[in-house]
Amino acid sequence: MQNKGLIKLFAFLFGLVSIYQLSYTFITSKIENDAEEYATNKISNAEEDYLSKREALEISYLDSIGSNPILGFTSYDEAKKKELNKGLDLKGGINVTLQISVKDILKGLADNSKSPIFNKALADADLASKSSDDTYVDLFFDAFDNIKGDTKLASPDIFANKTLSDEINFQMTDDEVKPIIRRKIDESIVSAFEVLRERIDGFGVTQPNIQREGNSGRILVELPGARDIARAQELLSSTAQLEFWETYEQNNPSFGNFIVAANERLKTLVKTEKVEEPVKEESELDSLLSDVTDSLDLPTQVNPLYDILLPANPGTHAMFRAAVKDTAKVGEYLRMPEIQRLLPADIQFTKFLWERPSSDDVEVLDLYALKSNRSGSPRISGDVVSDARDTYDEFNKPAVSMSMNSRGAKEWQKLTSDANINNTGIAVVLDNKVYTAPGCSVVGGISGGGTEITGSFTVEETKDIANVLRAGKLPAKAEIIQSNVVGPSLGHEAINSGFMSFLIAMAIVLVWMVFYYGKAGLFADIALLLNILLIFGVLTSLSAVLTLPGIAGIVLTIGMSVDANVLIFERIKEELDRGKGRSQAVADGFGNALSSILDANITTGLTALILFLFGTGPIKGFATTLLIGIVTSLFTAIFITRLLVDWYLSGKGRTLDFSTGLTKNLFKNLSIDFLSKRKIAYVISLILVAVSIFSLFFGQGLQQGVDFIGGRSYQVRFEHEVSPSEIASELNTVFGSGTNVKTYGEDNQIKITTPYKVDVEGVEVDDEIQTKLYTSLQKYLPDGLSKDDFILGSEDKAVGIMQSVKVGPTIADDIKKNAFLAIIGSLAVVFLYILLRFRKWQFSLGAVVAVFHDVMIVLGIFSLTGKIMPFNMEIDQAFIAAILTVIGYSLNDTVVVFDRIREITGERGWHGGVNINNAVNSTLGRTLNTSLTTLVVLLAIFIFGGESLRGFMFAMIVGVVVGTYSSVFIATPVMFDTLKNKISGPEEKA
């Protein structure tokens, strides 16, 4: 081997850089362990709420030493930015996909046009988007073209308005307007991206990730380590639509008349029945409602509005009140067109908004009546705010201080002056919730544009409000269409199980290589350990994210690295058997194995690349580590192992046998006639594939996870064993039919999947479902467990929701489509690659038939055993990753066999298939050795890698077994049967 010095230098520098990169991870890990130990010593378990106190003390400790120098070249704060990024499944946190509403952007660009053609096109686009993969703007343009008649996009009441007057005029055609609108939409999405990035920067998590997903209007946000999930979701989805309104005065008689008329009208519109309530102890709220009802002196009949609407407290600027449980119904009544028409002329444009609840314990909310106009626009919009910061008010309570630009300052003085004169309030509204509504005692109004938002805020809330106001408002609504929330304790468990499986798998492989190849196996082990170091070093330097599937990818890389060394050592043994000297045998063995190693790794790399392009989140992490591992495995197996072997043989009197006494004659002189058994193999495989297809299409089929059907799933852990069927029965009465409950791992853990309100977006729905879960499962939970602890909890949480996943129906369809494209794309790319390498389509056909055979059997086994296996067998994105990996592994095996067939038949001719059998026999040692090693590795992950990986690993275990079989008994015979008629004589060369 030439350039040994250069390779040594490169390996040394590469290893040194990897150690340097990983040093930051070791530094942060040690300091965080010190912080945890410090907090544990300071706060005992006997203290109330000791876990949250410890968390706060840990954060304070890390803040205090964050800038202190460490080892003379870094600090904790600096090292934290450069450490190995851990994904949500290892660290806990939240991963969401936000869909920026293109519909809202279009409405904004059209200045909220009242054009019936425009609004009908939007409605048609809404309908079409449910079953189409086209972008929303394309669907809108198609819908508009179908119904426009003589109306143009450049009409004055659509896009030729004042806002777009610089770019769109009345004379422009639709084809001229469309590219402008597309550009404006893209600019709005970029603006939303920047707004969200600024908000996330102010949220306070380390190593956040935010990225656009093409031109779809989707934005992926990952917040590893985020613990206050509700706060994170609110921060990401709120539009930050800040508005200032003047309220109506409480004694305005028009509202009294309106409520009387509305109540009478509602009696004819809604069904109201008097329900006999069971006698129960009266709460404070019940007493309040009773007193108010008595004071109204109403008849004993049911009154739709009077029964739930209460007068506001004197001294406030609210108009009415209602119990929290009744606010949705009141809002529904007041939005009815029949009720809206009853508003007297002097208040006909009133905007009704509820106050923002100050906590989860609030029982009654105020309803404000805001002075509006025909267009529904506020007195002042939030775009006049030039700065905002969290502060404290005169009573030392958290508040938000704001400054306005010159235009805003003038409007603010006028608004506050009117409020002073009219004795009304100034409602500060953020995202359609009234945060506060103070009056103004300053004659002539407040000048200068400075103001303060006060209320029942926590410090975190004022920080978030100031953060979103500074960052600006989103140009359109951002809906969370997919989310994955992992509790911190589950992440901690995943780290332990993931690295346990990693260490066990690596130990087994290291021992096996020495057992099978002796001293040569030891050299392979050294190369393997360097390979692992390089993978982690590259991951850190690229700021890639390590996930649990990523650890599985690294462990799989161990198997691939071993495969390369096995190929090399087996070829060296063949050269030694031919009587060559050791140095020459080593040189020829490395040279002859190179073609097979490259072909096998390239085919696996192609499937990993497709997985990277089509996968998301943890699956992309799996593909990333696999791609990195392929490159580092090639380097260490081909160059580092060679350096070590050459170094050893250069010593005087040293020999290297590449085997041990127990393995020396294994798989030697085999002469199995594989081709003669192909018909039996065809029949067996045909039966297996037929049974699989029948089970898939006519049997129980596959259990699709929420990734593919949409919905929400929750992993819930209890103190003691629970009955899934009993819980399913109770939850089906709460969420309706379709809710699925099954044991997940241990008997005290279940997985709940429900399609309840899958079409409805919003943080409110998530909170509603979690509240219903908490209420329904309360009798199975420990006494005193709060809702907050049930939903999130702390670092060592042992009971409650450990993980939650939400996938909207639209993105579920996209995931399903991408999964299909990934599998088809993988097969097509590999077919073309094998065709290019072997120059005969019969080789490609044999490989693709074998892969199809393997995939169908894996799917069939999942279909047949899905309901009886004691672990999760749902089909999700991780399963698709497993299928693609099976494809890669199967092709790896097949290509190695094909490569040897090409080599031997090229030297000796076909001889009617005799030399094909010889080629297969010569690779059998490598095939079984690699397959057994890989199986042991996969079994280690399956047993020790945690519940979330078991289905994933099971698919790969089945795939390795079936793939090893198909490379010999399916791929090779199919290639031979389709090629043999073209072989004119026994001596014809390939």
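Here the residue numbers are simple positions, counted from 1 along each chain's written sequence. At least 70 in pLDDT is required for a residue's local features to be given in this predicted model, at least 80 for side-chain atom pairs to be given and counted, and no such filter applies to totals for whole chains, interfaces and linings, which use all residues. Each side-chain value is worked out from all heavy atoms of the structure, with water and hydrogens disregarded.

A. Structural view of unusual backbone geometry. For leucine 71, which is not glycine, the phi dihedral falls at a positive 55°. Buried residues are those whose accessible area, probed at 1.4 Å on protein chains only, stays under 20% of the maximum for their type, while exposed residues exceed 50% and partly exposed ones sit between those limits. With relative accessibility at 69%, the residue leucine 71 sits in the exposed group. Although it is not a glycine, aspartate 111 adopts a positive phi angle of roughly 55°. Only DSSP runs of H or I covering at least 4 residues are called helices, and only runs of E covering at least 2 are called strands; the numbering of each starts at the N terminus. Within the element layout of this structure, aspartate 111 appears in the loop between α5 (102-109) and α6 (116-129).

B. Fine view of a nonpolar patch on the surface. Residues form patches when they are more than 30% accessible in relative terms and have no salt bridge. Like charges link within 9 Å. Nonpolar side chains (Val, Leu, Ile, Met, Phe, Trp, Tyr) link within 5 Å. Residue exposure ignores everything except the shown protein chains as possible cover, and the areas themselves are Shrake-Rupley values with a 1.4 Å probe. We define a salt bridge as a contact between a side-chain nitrogen of Lys or Arg and a carboxyl oxygen of Asp or Glu at a distance within 4 Å. Where nonpolar side chains cluster on the molecular surface, the patch consists of Leu666, Phe667, Leu670, Ile672, Leu928 and Leu932 and spans about 440 Å² of accessible area. Residue placement: leucine 932 occurs in helix α29 (residues 914-944).

C. Spotlight on the sheet that holds strand β10 (residues 351-354). The four strands are arranged β8-β9-β11-β10 in an open sheet whose pairing can be described as antiparallel. Sheet topology places β8 (309-311) and β10 at the edges, where each strand pairs with a single neighbour. Across the sheet, the mean angle from the axis of one strand to that of its neighbour is 35°, orientation sign disregarded. When DSSP locates at least two bridges between a pair of strands, those strands are taken to pair. Pairing geometry for β10 and strand β11 (residues 364-370), over four bridges, is antiparallel. Of the residues in β11, the one forming a bridge with leucine 353 is tyrosine 368. Angles run from 0 to 180 degrees between N-to-C directions of axes, and those axes are lines fitted to C-alpha atoms, restricted for helices to the stretch in contact.

D. Representation of the packing of aromatic side chains within the structure. Here a pair means two rings of Phe, Tyr or Trp (six-membered ring of Trp) with centres within 6.5 Å. Their orientation is stacked below 30 degrees between planes, edge-to-face above 60, and tilted elsewhere. Using the criterion set out here, one finds 30 aromatic pairs in the structure. Here tryptophan 512 and phenylalanine 515 contribute two aromatic rings whose centre-to-centre distance is 5.4 Å and whose plane-to-plane angle is 40°, an arrangement assigned as tilted. With tryptophan 512 and phenylalanine 515 both in helix α16 (residues 488-517) and three residues apart, the pair spans about one turn of that helix. Relative to phenylalanine 658, the ring of phenylalanine 569 lies with its centre 5.4 Å away and its plane at 50°, an arrangement referred to as tilted. Placement of phenylalanine 569 in helix α18 (residues 548-577) and of phenylalanine 658 in the loop between α20 (618-649) and α21 (678-697) is noted, with a sequence separation of 89 residues between them.

E. Structural context of the packing of α29 against helix α30 (residues 950-979). It is the contact of α29 with α30, at a shortest axis distance of 9 Å, that shows an interaxial angle of 175°. Considering their axes alone, α29 and α30 lie roughly antiparallel with respect to each other. Across the interface between the two elements, Ile916, Val920, Thr927, Ser931, Thr934, Leu935, Leu938, Leu939, Ile941, Phe942 and Ile943 of α29 pack against Arg950, Met953, Phe954, Met956, Ile957, Val960, Val961, Thr964, Val968, Thr972, Met975 and Phe976 of α30. In this classification, the charged set is Asp, Glu, Lys and Arg, the nonpolar set is Ala, Val, Leu, Ile, Met, Phe, Trp, Tyr, Cys and Pro, and all remaining amino acids, among them Gly, are polar. When grouped by side-chain class, the residues that make up the contact of α29 with α30 number 17 nonpolar, five polar and one charged. Between 65 and 115 degrees an angle is taken as roughly perpendicular, under 35 as roughly parallel, over 145 as roughly antiparallel, and anywhere else as oblique. Residue contacts follow a heavy-atom distance rule, with two residues in contact if any of their heavy atoms lie within 4.5 Å.

F. Structural context of the sheet that holds strand β22 (residues 746-754). One open sheet accounts for eight strands, arranged β5-β6-β4-β18-β23-β20-β22-β21; its pairing is antiparallel. Taken across any chain shown, the strands that pair with only one partner, and hence form the sheet edges, are β5 (209-213) and β21 (740-744). Between one strand axis and the next, the sheet turns through 20° on average, direction left out of account. Bridge count between strand β20 (residues 711-717) and strand β23 (residues 800-807): seven bridges; the pairing is antiparallel. Paired with arginine 717 across the two strands is glycine 800, which belongs to β23.

G. A look at the packing of helix α28 (residues 877-908) against α29. Running from N to C, α28 and α29 point in directions that differ by 150°, and their axes come no closer than 9 Å. Taken together, α28 and α29 sit at an angle that is classed as roughly antiparallel. Helix-helix and strand crossings are classified by hand; for α28 and α29 the assignment is right-handed. The segment α28 lies against α29, with Tyr889, Asn892, Asp893, Val896, Val897, Arg900, Ile901, Ile904, Thr905 and Arg908 engaging Asn915, Ile916, Asn918, Ala919, Val920, Ser922, Thr923, Arg926, Thr927, Thr930, Ser931 and Thr934. Left-handed is the label given to a crossing in which the near helix is rotated counterclockwise from the far helix by less than a right angle, and right-handed is the label when the rotation is clockwise.

H. Just the environment of valine 631, in detail. Following the sequence through the fold, valine 631 ends up in helix α20. Between the alpha carbons of valine 631 and isoleucine 602 there is a distance of 9.8 Å; along the sequence they are 29 residues apart.

I. The arrangement of the pairing of strand β15 (residues 426-430) in detail. Extensive coverage of β15 is indicated by the burial of five of its five residues. Burial along β15 is two-sided: the face carrying Ile426, Val428 and Leu430 and the face carrying Ala427 and Val429 are both buried. Where strand β7 (residues 242-246) and β15 come together, five bridges link them in antiparallel fashion. Residue pairing in the sheet places leucine 242 in a bridge with leucine 430 of β15. Counting the residues in the hairpin turn of β15 and strand β16 (residues 433-436) gives two residues, including aspartate 431, whose phi is positive at 55°.

J. Layout of α18. Each residue after the first adds 1.5 Å to the expected span of a helix. Given a rise of 1.5 Å per residue, 30 residues ought to cover 44 Å, and the 44 Å separating the end C-alpha atoms of α18 matches this to within 8%. Counting buried positions along α18 yields 28 of 30 residues, so the element is predominantly enclosed. Following α18 by one or two positions, glycine 579 has its phi on the positive side, about 95°.

K. Quick look at the nonpolar core. Counting residues in hydrophobic clusters, the biggest one holds 142 residues, and the most contacted among them are Phe502, Phe569, Phe879 and Phe952. Setting aside residues up to four positions removed in sequence, phenylalanine 502 forms contacts with Ile532, Phe536, Ile551, Ile554, Val555 and Ile558. Side-chain atoms within 4.5 Å are what join buried Ala, Val, Leu, Ile, Met, Phe, Trp, Tyr and Cys residues into a set we call a nonpolar core. Core analysis: the second largest hydrophobic core is formed by 47 residues, Val96, Leu98, Ala121 and Met172 among them.

L. Spotlight on helix α7 (residues 136-147). Spanning 12 residues, α7 covers 17 Å between terminal C-alpha atoms, matching the ideal 16 Å at 1.5 Å per step. Positive backbone phi, approximately 60°, marks glycine 149, located one or two places after α7.

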